[in-house]
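# Observations on the model geometry
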Amino acid sequence: MITLRSKLDVADNSGAKKISFIGVLGRKGKRYAMVGDVITGSVKAAIPNSPIKKGEVVRAVVVRTHFPVKRKDGLVVKFDKNACVVIDKQNNPRATRVFGPVVRELRSRFSKILSLAPEAI
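The notes below deal with the structure included here. (Residues numbered from 1 in each chain as written. Predicted model: local features only at pLDDT ≥ 70, side-chain atom pairs only at ≥ 80, totals over all residues. Heavy atoms only, no water.)

Below, the discussion takes up the overall build of the protein chain. For the protein chain, the helix and strand inventory stands at one helix and nine strands. Start at the N end of the protein chain and walk to the C end: the helices and strands fall as β-β-β-β-β-β-β-β-β-α. Taking 121 residues into account, the globule formula puts the C-alpha radius of gyration at 14 Å, and the protein chain, at 13 Å, falls close to it. If you line up the protein chain on its principal axes, its C-alpha atoms span 45 × 35 × 25 Å. Residues classed as buried in the protein chain amount to 44% of the 121 residues present. Carbon and sulfur atoms make up 51% of the accessible area of the protein chain, which amounts to about 7000 Å² in all. Computing the positive centroid from 25 side-chain charges and the negative centroid from 9, the protein chain places the two 6 Å apart. (Helix = DSSP H or I, 4+ residues; strand = E, 2+ residues; numbered from the N terminus. Rg over C-alpha atoms; globule rule 2.2 N^0.38 Å. Buried < 20%, exposed > 50% of the residue type's maximum accessible area, 1.4 Å probe, protein only. Areas by Shrake-Rupley, 256 points an atom, 1.4 Å probe, with all protein chains shown as cover. Lys, Arg positive; Asp, Glu negative; His and termini not counted. Charge placed at Lys NZ, Arg CZ, Asp CG, Glu CD.)

What follows is the structure, encoded as structure tokens:
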């Protein structure tokens, strides 16, 4: 569960390094985001000379959370840090690589992100 103004690591090579959570897209009044939610965020740290600049508002998909993800088979998945992947308006990643594992819950809506990741947990 990611709440307002939470800082997320960016798990791709788009140029952004840290994003501050602003809101969840498509769910009016929702104050927190879970794995697989599309969020808006403000870039707080970025690599110099990258296409994404500090202060830019971007869309992203939450791929890892510290809050446990419970599955129907009883398995609970939990990560050390919160992370996201920056996407465009067509839900395609703006980067060419995704770093670290991502959860399998992204399979239905974000298969492109899942194919770029080294491991799906």
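Turning next to the nonpolar core. Val-61, Val-63, Val-102, Leu-106 and Ile-113 are the most contacted members of the largest nonpolar core, which totals 19 residues. Of all the secondary structure elements, the ones that give two or more residues to this core are strand 6 (57-64), strand 9 (83-87) and helix 1 (111-116). The leading source of residues in this core is strand 9, at three residues. Apart from the residues within four sequence positions on either side, Val-63 is in contact with Val-35, Ala-83, Cys-84, Val-85, Val-102, Val-103, Leu-106 and Ile-113. If you look at the next biggest cluster of nonpolar residues, it comprises 16 residues, including Ile-2, Phe-21, Ala-33 and Ile-52. (Core = buried A, V, L, I, M, F, W, Y, C linked by side-chain atoms within 4.5 Å. Contact = heavy atoms within 4.5 Å.)

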